[in-house]
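Here's the letter readout for the chains.
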Amino acid sequence: MKIIDKINRATEENRPFWSFEYFPPKTQQGVLNLYSRFERMGLLNPEFIDVTWGAGGTTSDLTLEICTTAKASYGLETCMHLTCTNMPKKKVDDALKIAKENGIRNILALRGDPPVGQANWSKCDDGFTYAVDLVRYIRQEYGDFFCISVAGYPEGHLDSLNKEDDLGFLKEKIDAGADYIVTQLFYDVDMFISWTKKVREAGIQAPILTGIMPIQSYQGFKRMTTMCKTRVPNGIIEALDPIKDDDAAVKEYGIDLAVSMCRKLLENGVLGFHFYTLNLEKTTQAILEKLEFINAKDLYRPLPWNTSAHKHREKENVRPIFWRNRSQSYVARTQEWDDFPNGRWGDSRSPAYGELDGYGVSIKYPAEKALELWGRPETTQDVFNLFTKYCEGKLSALPWCDQQLQPETITIQTSLIDINRSGYLTINSQPAVNGASSAHAVHGWGPKNGYVYQKAYLEFFCSPAQLDALTNRMQGDDMFSYYAVTRNGSLRTNNPSSGPMAVTWGIFPGKEVVQPTIVEAVSFMAWKDEAFELWSQWSSVYEPTTSPHRLLSEIQNTWYLVNIVHHDFTCPNAIFDIFATREEISR
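Residues numbered from 1 in each chain as written. Predicted model: local features only at pLDDT ≥ 70, side-chain atom pairs only at ≥ 80, totals over all residues. Heavy atoms only, no water.

Named according to an unreviewed UniProt entry, the chain is Methylenetetrahydrofolate reductase (NAD(P)H) met13 originating from Entomophthora muscae.

S.K.: Tell me about the nonpolar core, residues and numbers included.
M.R.: Counting 99 residues, the largest nonpolar core has Phe-38 and Tyr-180 as the members making the most contacts within it. Top contributing element to this core by residue count: helix α10 (residues 247-267), with 9 residues. If near-sequence neighbours (up to four positions away) are discounted, Phe-38 is found in contact with Tyr-22, Ile-49, Ile-66, Ala-70, Tyr-74 and Leu-76. In this structure, Ala-397, Leu-398, Ile-427 and Tyr-482 belong to the second largest nonpolar core, which totals 72 residues. (Core = buried A, V, L, I, M, F, W, Y, C linked by side-chain atoms within 4.5 Å. Buried < 20%, exposed > 50% of the residue type's maximum accessible area, 1.4 Å probe, protein only. Helix = DSSP H or I, 4+ residues; strand = E, 2+ residues; numbered from the N terminus. Contact = heavy atoms within 4.5 Å.)

S.K.: So what about the sheet that holds strand β9 (residues 319-320)? Which residues, and what values?
M.R.: Ordered in space as β9-β17-β16-β12-β11, the 5 strands form an open sheet in which the pairing is mixed. In this open sheet, the two edge strands, each paired with only one partner strand, are β9 and β11 (433-437). As judged from the 4 bridges shared by strand β16 (residues 501-507) and strand β17 (residues 514-519), these two strands associate in the antiparallel manner. Bridge pairing in β17 links Thr-504 to Thr-517. (Pairing = 2+ DSSP bridges.)

S.K.: An account of the packing of helix α17 (residues 521-539) against helix α18 (residues 547-558) is needed here, citing residue identities and associated values.
M.R.: Put simply, α17 and α18 touch, their axes get as near as 9 Å, and they point 175° apart. Here α17 is positioned roughly antiparallel relative to α18, judged by the angle of their axes. The segment α17 lies against α18, with Phe-532, Glu-533, Trp-535, Ser-536, Trp-538 and Ser-539 engaging His-549, Leu-552, Ser-553, Ile-555 and Gln-556. Considered class by class, the residues forming the contact of α17 with α18 number 5 nonpolar, 5 polar and 1 charged. (Axes fitted to C-alpha atoms, helices over the stretch in contact; angles between N-to-C directions. Parallel < 35°, antiparallel > 145°, perpendicular 65-115°, else oblique. Nonpolar A, V, L, I, M, F, W, Y, C, P; charged D, E, K, R; others polar.)

S.K.: For unusual backbone geometry, give the residues involved together with the corresponding values.
M.R.: Backbone geometry at Glu-292 places phi at a positive 60°, although glycine is not the residue there. Along the chain, Glu-292 turns up in the loop between α11 (282-290) and β9. If you check the backbone angles, Asn-449 has positive phi at about 65° while not being a glycine. Taking the relative accessible area as the measure of exposure, Asn-449 reaches 65% and is therefore exposed.

S.K.: Which residues make up the pattern of salt bridges, and what values go with them?
M.R.: Tallied over the full model, the rule gives 21 salt bridges. A salt bridge links Arg-40 to Glu-281; the shortest N-O distance between them is 2.9 Å. Taken as a pair, Arg-40 in helix α2 (residues 28-41) and Glu-281 in the loop between β8 (272-276) and α11 lie far apart in primary sequence, 241 residues in all. Overall, Arg-40 belongs to the partly exposed group, its relative accessible area being 38%. Owing to a relative accessible area of 7%, Glu-281 belongs among the buried residues under this scheme. One network of salt bridges, in which partners are shared, links Lys-6, Glu-13, Arg-15 and Glu-47. (Salt bridge = Lys/Arg side-chain N within 4 Å of Asp/Glu carboxyl O.)

Okay, here's the thing in structure tokens:
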């Protein structure tokens, strides 16, 4: 959706609206943590987010990846920054083409800063000179496909000779086809109000989103205001000076200052606020709560997973549980599945169904980081210990799990630790839930005044002997359903039907039963290729002749991937009763 349409709708409804800005992290772990933040901050209901673009396109690939993932996997309408600095025309063309292909319809067109180590900005050969040139080019090549925003500078751009010239340049950008304005940070509200009046007097009627950068730390505040030559009122300096060495006090003052600024802006007719988050979460949430823009108690997830904002998936309301810990991989792999009737899967006979791609089957760490995380396992017990440490919260990730345990998984953490110690290597799970409120802090999702349910579910790798023991224990008990498959596709199951089996559902006032999470044979067989391939990715960290490589390859080639569902959702721990203890295995 175009952001200008969302802005116009909010303006017509005369309601405040807000957006968040992020920058690409410098490490892969930072990127993964940012995605976790997207999931939580998406509940704060921003109209959109935007992601910055490094000088000369230094972060271009990562910016595109983050924008695409935010939209497709986390349901966030996304605006991609695009700069002219050291950017040849071809690189701009490539970026716009990829953005369009991935459904990104919003661009913030900027001239940009000089690259690191270069004092002054200079035009790139076969590039653009100013942001207005970039705006014109996008309109020329793409018509009205993109919503284009541009920067506004209440205190004047650093390179402008005077503010009158600066207003003239802003009007040129709007006349060239820009839809709305996002302002540079400021701390002098009276100055901003005066600038806004001059903008309107200059004939610029485009919406203006007010750039708010909360003070997160004293040193960061000083560095940013010095770099941008931002005017800081004396009252702010006087308030910060006695607390500048108290990080907590500075952050709290920053929250209160931002709230007071926003309230004064609201009194003067401002509705749109663009928060420069610096990739941080709590401060922005606290500001929105104090402004009463949001009520923490009213935040809820419409589904137990993030709804995609991609146009091909906007009606999707069912997903298989297997990819829960690798949601980006799931979205990437299924993006080209033929269609989503009623939010379900396309025809599994389609040649596009479940096709593997490079994104979906890669460990998200370089070899050095993988070695730091997982060391050099020499025995199966070493592997058991790594999975156990992950369940204990002492290891940040596994190849199958990019992030630490989810809050609801903590409720069965002790049981997970026990079975991992015994050699059942879990990669996905959920506890049984019997009618929790849809507003429940851990299990809740969906509209207010509803109730949610889920069956206990486990997914893990185990040896053939362990699988035989498990299936013997489940024999004759209709409460258990399982699928078990080897790398080469040899399947064992006690499920007479290969169709979808609901494992999560919700009951809400005035609606049909919603079943957003399922287990089914076709999706499981598509997932198993990725699940086993991750053993290859892990083993490739080590030389082929080493013990770790041989060990992980043997597990990959001989063990089973298993999922088990226990159908009695009123018995929270029954699914664990069939697992042999370590003592039983040793006997």
